[in-house]
Structure formats: C-alpha cells, structure tokens
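Now for the letters of each chain:
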Amino acid sequence: MFVMKCGGSTLAELPNSFFADLVKLQKEGANPVIVHGGGPAISENLGKLGIESKFVDGLRYTTNEVLDVVEMVLAGSINKLIVRRIAQNGGKALGLSGADGSLLQAKPVANSKEVGFVGEVTDVNADLIRGVLDLGYIPVIAPVGIGADGTQRYNINADTAAGAVASALGVSRMIVVTDVPGILKMTGTERKVLDSITVQQIEDMISTGEIYGGMIPKVRAAVACISGSVKEAVIVGGNEPGVLGKVLAGGRIGTRIVRMA
C-alpha cells in the first residue's frame, strides 16, 4: 500500500503514461491511495462567481459560500477527472470526499477566527479506505472534512490530509507528485537533484536562498505530509517514465525528505 499526494495543477499536466503506470502497479498487486488538491481551480471558480479569494498564513479564508465552491471543485470536477483518467487506462477507481462515510473527521484549526471553516483532521476512517481497496478500486480522496456531528464541512489542506491518511493506514512513506524532479541544489555550474534531505536542512536552504520562489511551497507541502507514522516524503516529477514503480522499488529518484528522530 502507498499513499500518493498530488496537487490539482500538477494533475492537469500529468501525461497519460503516468496513469497507465499507476494502473499497471495496481494490476501487479500494489494498493495505491490518492489524496489530491485543487487550489488553482478553486480560485478560478471563485473568481468566475465573483467571490473573493483571501489567504491567511497560506490557508484559504473559508466561509460556507467558499465551501460550496471548494466541495464542487474538489469532490466534483477534479476528483472525477482523476477517476476517469484511471478508467481510461484500464484501472478501477472510486472517488470519495472526506465527508463520505466520515472518511476525514475534522475540527476547526486553532486560528479558525482568522481563516473560517478550515479544519484539521481528528480521525480517518481507515476501514473504509481498506474496504475500497479490497474491492479492487483505487480510492481517490478529496480533502473536504466533516465535523463529529456530521453537520459542518471543513476545507482541509491536501498535504496535511494526505499525511493523516498515510498515518492512519500505517504507511511510512508518502509519494508527493509535482512538476519538478525533486529538490535542486547548485553543484559547481549546474543544478542537481538531491537524493535526500532532512526537514531542518530544508529550512536552512530556504534561509540561505538555495531553495527559493515556487520551490518553497512545494517542499513545505511535502514536509506537511510527514506526520505520525510517516517518516519520509519523496518528491518526484510526474513526467518521469515509470516514476511510481521506481520509487516503490527503492530506486534513486526524486528527493527523499526525512524526519530525523
């Protein structure tokens, strides 16, 4: 079993061969679980509806009106796009939101007064995920959570949701699929992909400017996946042929982000 986290913008750019490789792994006996995001598509749809997009400390300010759009985009269009692409390549997938079967139970984050209905995961219905896997389907999970009483929905950060799912399933490694081959470091006159790096080294490289620009949210997103039983996250590029199989086989590909004891 492995958990794969993929951002919504990355998913749109993934080649068909990526999904073919995913289906091939499933047919060979692997049990993939996908947790996806969709921030850019949410912002685009909010804009079309004339609803303001506002972020506080990297979290989308979420009202019930915004939640309607979040749920529509994540649990609707993006989730079903992934399911269709898997099916087009001969695989079987089942799309779920965190509200289905209380899959992702959540409570308000600590600064909820500033960010609205943003939630943190309090419980994962791991039995439901295993049940879907046992039926021969790939679970595709949209990070919309539900409160303990089943009434209030919550917008959950996809990276932390993926880490919570991986921990609940007892998975020690997350695969974070992005549009870059890994974390790059200047070596001589060229930039090379680092084989591995610790969370502290990442913060040091951000401080020195070695990790900069659009790479900062990517690595911080991967770090957010490391929680509970998850000891490492592997950042890989989705355009690399057979990338998932290479990671599972222990190949030297992408960058391993490890949590030190």
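Going by what an unreviewed UniProt entry lists, the protein chain is known as Acetylglutamate kinase and is assigned to Paenibacillus barengoltzii J12. The UniProt entry for the protein chain carries the following text under Function (unreviewed entry): "Catalyzes the ATP-dependent phosphorylation of N-acetyl-L-glutamate." Comment text from UniProt for the protein chain, heading Pathway (unreviewed entry), reads "Amino-acid biosynthesis; L-arginine biosynthesis; N(2)-acetyl-L-ornithine from L-glutamate: step 2/4."

Draft legend 1. Examining the packing of aromatic side chains more closely. Enumeration according to the criterion identifies 1 aromatic pair in this entry. With a centroid separation of 5.6 Å and an interplanar angle of 85°, the aromatic rings of F18 and F19 are classed as edge-to-face. The ring centre of Y61 lies 4.5 Å from the NZ or CZ of K54, which sits over that ring.

Draft legend 2. Spotlight on the environment of D149. Within the secondary structure, D149 sits in the loop between β9 (144–146) and β10 (153–155). Linking D149 and Q105, residues 44 residues apart in sequence, is a C-alpha distance of 9.4 Å. At 2.8 Å, the side chain of D149 forms a polar contact with the side chain of T151.

Draft legend 3. Molecular detail of the side chain of E232. Of note, E232 is situated in strand β15 (residues 232–237). Side-chain polar atoms of E232 contact the side chain of R256, separated by 2.9 Å. Once residues lying within four places of it in the same chain are set aside, the contact partners of E232 are S172, R173, M174, I226, R256, I257 and V258.

Draft legend 4. Region of the structure containing the environment of G58. Within the secondary structure, G58 sits in the loop between β3 (55–56) and β4 (59–60). By relative accessible area, which is 63% here, G58 ends up exposed.

Each value, and the rule that gives it
- One numbering rule holds for all chains: residues counted from 1, following each sequence as written.
- With pLDDT at 70 or above as the cut-off, local features in this predicted model cover only qualifying residues; side-chain atom pairs require 80 or more to be listed or tallied, and sums for whole chains, interfaces and linings still use all residues.
- The side-chain numbers reported here are obtained from all heavy atoms of the structure, hydrogens and water having been left aside.
- UniProt positions are given in the numbering used here, feature names are shortened, and annotations may be inferred rather than shown by experiment.
- Aromatic rings from Phe, Tyr and Trp, taking only the six-membered ring of Trp, are treated as a pair when their centres fall within 6.5 Å; an angle between ring planes under 30 degrees marks them as stacked, one over 60 as edge-to-face, and anything in between as tilted.
- Criterion for a charge above a ring: Lys NZ or Arg CZ within 6 Å of the ring centre, and within 35 degrees of the ring normal.
- Only DSSP runs of H or I covering at least 4 residues are called helices, and only runs of E covering at least 2 are called strands; the numbering of each starts at the N terminus.
- Two N or O atoms form a polar contact when they lie within 3.5 Å of each other; inside protein one atom must be a possible hydrogen donor and the other a possible acceptor, and for residues adjacent in sequence the pair counts only when both atoms belong to side chains.
- Contact between two residues is taken to exist if any of their heavy atoms lie within 4.5 Å; hydrogens are not considered.
- Buried, partly exposed and exposed residues are distinguished by accessible area as a fraction of the type maximum, computed with a 1.4 Å probe on protein chains only: under 20%, between the cut-offs, and over 50%, respectively.

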